[in-house]
Amino acid sequence: MSDLEDIKKLLEECNQSHLLKYWNDLNESQQKDFLAHLKSIDFKEALWMWHKAEADFEECDKITEDDLMPVDVEVEKDLPHSTIEEYRSIGLEEISNNKVAVIVLAGGQGTRLGMPYPKGICPTGIPSGKTLFQLQAERIQCLEDLAKLKTGKSGTIYWYLMTSEATHMLTEKFLIQNRHFGLNKDQVTLFKQTQIPCFDMTGRIILEEKDEVATSPDGNGGLFKALQEQGMLEDLQKKGIKYVHVHSVDNILVKVADPVFIGKCVKDNVDCGLKVIKKTDPTEPLGVVVLAMDKIDVVEYTELPPTTAALLSHSRENLVFNAGNICNHFFTVDFLKDISSKYEFDLRLHMSKKIVTQIGPDGDKILPPVPNCIKIEKFVFDVITYAKNFLVWQVERTSEFSPVKNSDVSKRDCFATAKRDLLALHKTWVENNGGKCQGAGVEVSPRLSYEGEGLDFVRGKEFKENEVLITDREQRMLDRKS
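Overview of the structure. (Residues numbered from 1 in each chain as written. Predicted model: local features only at pLDDT ≥ 70, side-chain atom pairs only at ≥ 80, totals over all residues. Heavy atoms only, no water.)

## A closer look at the pattern of salt bridges
Tallied over the entire structure, the rule returns 36 salt bridges. For the salt bridge of Lys-8 with Glu-5, the shortest nitrogen-to-oxygen distance reads 3.8 Å. Of this pair, Lys-8 and Glu-5 both sit in helix α1 (residues 3-13), three residues apart, roughly one helical turn. Taking relative accessible area as the criterion, Lys-8 reaches 38% and is therefore assigned partly exposed. Where salt bridges share partners, they join Glu-85, Arg-88, Lys-255, Asp-258, Lys-275, Glu-400 and Glu-451 into one cluster. (Salt bridge = Lys/Arg side-chain N within 4 Å of Asp/Glu carboxyl O. Helix = DSSP H or I, 4+ residues; strand = E, 2+ residues; numbered from the N terminus. Buried < 20%, exposed > 50% of the residue type's maximum accessible area, 1.4 Å probe, protein only.)

Below is the structure:
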């Protein structure tokens, strides 16, 4: 039997025969490439995912307000300074011992930002012109320096970036062109998450072209499959790494490899930790950490009924469900191994309605005005139900969370608000050290300060609005370029 006949039989078994509707419109070369494309897709697994996503959606829909309880959180700002310093010391020690890595979830494009390239390389609009990738890479270097200063040992924080089919090549090229922003190239590893087919509302796979199936990344929860299949777990183990900080690329304030968070998790023998912020607006697009039928879980904002999201405490000062998930996680490598080898197929599948370009019934390429597609995704936070020892760690929004999700037109969760929040935070750092700032604030280079330390030199000085405070080394490099 020919390859074409094999594919025809497989598609018929999976109720996807329509994918060959335009076969005879293709020339011989296109047919050959399309056949190879179809053979690369596991249609039986795709069909299984569709049915599992339907079942998971129905199961989630059964959960009522009575099944949910607020989760206990530990609030960082309520702890004494001595305790925070103890956690920080533990975290810096683990960094110096080469036990900590960072994984950036960088598979998303800047489509909603109105930009055709990965979020990490989009212009941020901050005074220095630094991108999200540059800010994060420089925070790693600053933290390595702080760890050496504290312990006397030079440690390396390995930087892994999970990309997608759409972002991989551009991300790799950008990092190489910029010499990994000062990190050693052997310190930086890129790996791709899996692409899965997009479905219409009835479970039929969509054609994006007459010879191409529409696919999308499998969500940030695709991390666990990608770690296993692309050898990243083995790589982590070979390097002796024990702890991993996982975060989304689009938070301009993220404390990369936060030593306090890591130290807390290590001291308490936590296998899975989650940072949250106090959610004050029930309509904010943040899922919440809850107890669902006595199991710790995260309920996405799209899956939480509006009346439940808006419930107020007895004092009416706080939302009942206010532990807002910000995609900021601690995992032990042993926990990642367990998830990838034992539980990855059990992870919940989520259905998300989207608009994608497709081939219409008349063979024309169309972009519908309303959602025409179901994308199936896994979410990284769904693994928390498998944790034996779990931490919910509440941090301050103003110092740790300002996401970039939308274009500046929206005036919410965009580069304009991220810039505002970054400058405001850095202004606080300067003023806490005895300096003064004009207007909205200044920008402090991550190479100069990780979280406000090392700024004694600002005492008694006044800085202009949007001024950038940098290290002497950065200044020399700028002088050379000019």
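Structure shown, so let's carry the discussion forward.
## Digging into the nonpolar core
Phe-133, Trp-159 and Ala-257 are the most contacted members of the largest nonpolar core, which has 43 residues in total. Listing elements by their share of this core, those giving two or more residues are α4 (81-96), β3 (100-105), α5 (132-151), β4 (158-163), α6 (168-177), α9 (259-267), β14 (323-332) and β19 (390-394). With six residues, α5 is the largest single contributor of residues to this core. Leave out the neighbours within four places in its chain, and Ala-257 touches Ile-95, Val-100, Val-102, Leu-143, Ile-157, His-245, Ile-262 and Tyr-450. One finds Val-244, Val-298, Phe-335 and Leu-347 within the second-largest nonpolar core, a separate group that totals 40 residues. (Core = buried A, V, L, I, M, F, W, Y, C linked by side-chain atoms within 4.5 Å. Contact = heavy atoms within 4.5 Å.)

## Side note on unusual backbone geometry
The phi dihedral of His-180 falls on the positive side, at around 55 degrees, and the residue is not glycine. Along the chain, His-180 falls in the loop between α6 and β5 (188-192). Backbone geometry at Ala-257 places phi at a positive 55 degrees, although glycine is not the residue there. Relative to the helices and strands, Ala-257 is located in the loop between β10 (243-248) and α9. For Ala-257, a relative accessible area of 0% gives the class buried.

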